[in-house]
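So the chains spell out like this:
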Amino acid sequence: MGTHKTPKLAYGTQGSVVVETCQVCDAADFQSVIFLGYLPPVNTMPAVGSRPAEQPAYPAEMLRCRRCQLVQIGLIVDPCILFPPTYPYTSGTTKILRDNFAELYKEVSTLYPITPEDLVVDIGSNDGTLLSNFHAGKHRVQGIEPTNAGQLANDRGITTLTSFFNQAAVKKVVAEKGQAKIVTAANVFAHMENVHTIVSCIEELLQKDGLFISESHYLLSLVETLQYDTIYHEHLRYYSLTSLKYLLEEHGFEIIHAKRIPTHGGSIRVYAARKGQKPVQPSVAAILAQEAQDLTEEKLRSFHDRVTKTKLGLLALLNDIRTQGKRVVGIGAPSRASTLINYVGLDDGILDGVLEIKGSYKIGKYIPGTVIPVQEESRLYTDPPEYALLLSWHIAEELIPKFRASGYKGKFIIPLPTPRIVD
Ligand SMILES: [Zn+2]
């Protein structure tokens, strides 16, 4: 450690920084995996009726480092642009996430039991959903969360510091509560630039025999089910266990256990401890062996081909439907919908609108980069289109029965991994 160049940061530039060297190992030997074009920032959504004005667009290229295997985005955008002060809080606490965090607590209690005196710190703790499990288990907990969501956690007794995760936050927590036995980072560890500083802060926060547990969207799931739509500028790194191992070992950590979990269309939970502190479970070697087979340069080249085929397939399918004069709406406007719509080139002549659940702040705004309006979900029943394109297709199995039960009788289109119609 300490041998890394301090990278040029995008933070505070009101612009972006091209990734010339690997975010983890500084090498400049990249394979270009896929280039999805220039994407608008996913949270820039002008009001319906406003005239389109000038806005930035950022190249979305996915790179693989040939030295450390880290797959990463080729351009880092100033987080002040991606997360403006007006960045609306959206609770990510779906059932699948709540179940996952309950399961995490159970797994920790079984594999690495802790005492009530032990402190658990969650980075990017949002409304405290993850920590609520440890809180209910009578452990000491501390959240660190930059947005106002932390207030919701405080309201239910989960002490949360409103701050980005940085050295000042770590010093404050350690001074007040001591070092942590467990540090968790769920779906935030791939989002922060200057990853070596982040890991150094985790080292400082953690007791000698402590555990760092991260959950991140998993590269192998992304590749297997063609989730190119999770590529956007909030996601700086697309971790495999192989690349995480390289990163964490540079800081004296050792991965002791890992497993695939179902959140966000396929994630990986990784347990790390300081080298030699805990036995290494067989799960680690098993996953590394699978990655050595399935995440090669050739496999990633075929990923590009397979993604291109889904674009052509979806357009062909929509061409048939629109030629027959039938209507299509999109369902769900998560960030990933913006990548799919912009990459495939869907516009307001193809999609009548995109529907969001009542109360969503996105209603009455345009999908980024388009003039496709976001409308309330009730439209699906009051003015039903013949086809509904599922933009949260990774949870199609959960969504279809829900819309059927509410009375939608049209057909569904599932765009990925193989574009198809479901009656
Ligand atoms: Zn690298």
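For the structure itself, consult the block above.
Conventions and cut-offs
- Residues numbered from 1 in each chain as written.
- Predicted model: local features only at pLDDT ≥ 70, side-chain atom pairs only at ≥ 80, totals over all residues.
- Heavy atoms only, no water.
- Helix = DSSP H or I, 4+ residues; strand = E, 2+ residues; numbered from the N terminus.
- Buried < 20%, exposed > 50% of the residue type's maximum accessible area, 1.4 Å probe, protein only.
- Contact = heavy atoms within 4.5 Å.
- Lys, Arg positive; Asp, Glu negative; His and termini not counted.
- Charge placed at Lys NZ, Arg CZ, Asp CG, Glu CD.
- Pairing = 2+ DSSP bridges.
- Axes fitted to C-alpha atoms, helices over the stretch in contact; angles between N-to-C directions.
- Salt bridge = Lys/Arg side-chain N within 4 Å of Asp/Glu carboxyl O.
- Donors = N, O, S within 2.8 Å, 3.2 Å for Na, K, Ca; no water.
- Tetrahedral: all angles 85-135°; square planar, octahedral: opposite > 155°, others 65-115°.
- Patch = residues over 30% accessible without salt bridge, like charges linked within 9 Å, V, L, I, M, F, W, Y side chains within 5 Å.
- Areas by Shrake-Rupley, 256 points an atom, 1.4 Å probe, with all protein chains shown as cover.
- Parallel < 35°, antiparallel > 145°, perpendicular 65-115°, else oblique.
- Nonpolar A, V, L, I, M, F, W, Y, C, P; charged D, E, K, R; others polar.

## Here's the deal with the overall build of the protein
Reasoning step 1: Along the backbone of the protein there are 13 helices and 19 strands.
Reasoning step 2: Projected onto its principal axes, the C-alpha positions of the protein cover 65 × 50 × 40 Å.
Reasoning step 3: When the 423 residues of the protein are sorted by exposure, 52% land in the buried category.
Reasoning step 4: Sequence separation of 24 or more characterises 69% of the internal contacts of the protein that already satisfy a separation of 6 or more.
Reasoning step 5: Taking the average location of the 43 positive side-chain charges in the protein and that of its 44 negative ones, the two points are 3 Å from each other.

## Examining the sheet that holds strand E10 (residues 206-217)
Reasoning step 1: With mixed pairing, 7 strands are arranged side by side in an open sheet as E8-E7-E6-E9-E10-E13-E12. Edge positions in the sheet fall to strand E8 (160-162) and strand E12 (253-261), since each of these pairs with one other strand and no more. On average, each strand axis in the sheet is inclined to that of its neighbour by 15°, with strand direction left out of account.
Reasoning step 2: Relative to the sheet, helix H5 (residues 167-177) contacts strand E6 (119-123), strand E7 (140-145) and E8, its axis offset from that of E7 by approximately 160°.

## Describing the pattern of salt bridges
Oppositely charged side chains are able to pair whenever their charged atoms sit close together.
Reasoning step 1: All chains considered together, the criterion is met by 25 salt bridges.
Reasoning step 2: Residue Asp29 pairs with Arg66 through a salt bridge whose shortest N-O separation is 2.9 Å. Taken together, the residues span a long stretch of sequence, with Asp29 in the loop between strand E1 (16-18) and strand E2 (30-39) and Arg66 in the loop between strand E3 (58-65) and strand E4 (71-73) at a distance of 37 residues.
Reasoning step 3: With relative accessibility at 33%, the residue Arg66 sits in the partly exposed group.
Reasoning step 4: Asp383 is the partner of Arg379 in a salt bridge, and the nearest nitrogen-oxygen pair spans 3.5 Å.

## Description of the coordination of the zinc ion
Reasoning step 1: Note on the zinc ion: its protein donors are Cys22 (SG), Cys25 (SG), Cys65 (SG) and Cys68 (SG). The metal-donor distances range over 2.3 Å.
Reasoning step 2: The coordination sphere of the zinc ion comprises 4 donor atoms, whose angles at the metal cover 99 to 116°; the geometry is tetrahedral.
Reasoning step 3: Sequence spacing of the donor residues for the zinc ion, all on one chain, is C-x2-C-x39-C-x2-C. You can see Cys25 sitting in the loop between E1 and E2 and its partner Cys65 sitting in strand E3, a full 40 residues away along the chain. Both residues of the pair, Cys25 and Cys65, belong to the buried class.

## A short note on a nonpolar patch on the surface
Reasoning step 1: Together, Leu9, Tyr11 and Phe164 make up an exposed nonpolar region whose accessible area comes to about 330 Å².
Reasoning step 2: As for its position among the elements, Phe164 is in the loop between E8 and H5.

## A closer look at the packing of helix H10 (residues 297-323) against helix H11 (residues 335-344)
Reasoning step 1: Remark: H10 packs on H11, axes separated minimally by 10 Å, with the N-to-C direction vectors making an angle of 75°. Our classification of the angle between H10 and H11 gives roughly perpendicular. In this structure, H10 contributes Val307, Thr308, Lys311, Leu314 and Leu315 to the contact, and H11 contributes Leu340, Tyr343 and Val344.
Reasoning step 2: Class assignment for the residues of the contact of H10 with H11 results in 6 nonpolar, 1 polar and 1 charged.

None of the figures reported here should be taken as evidence of function without further support.
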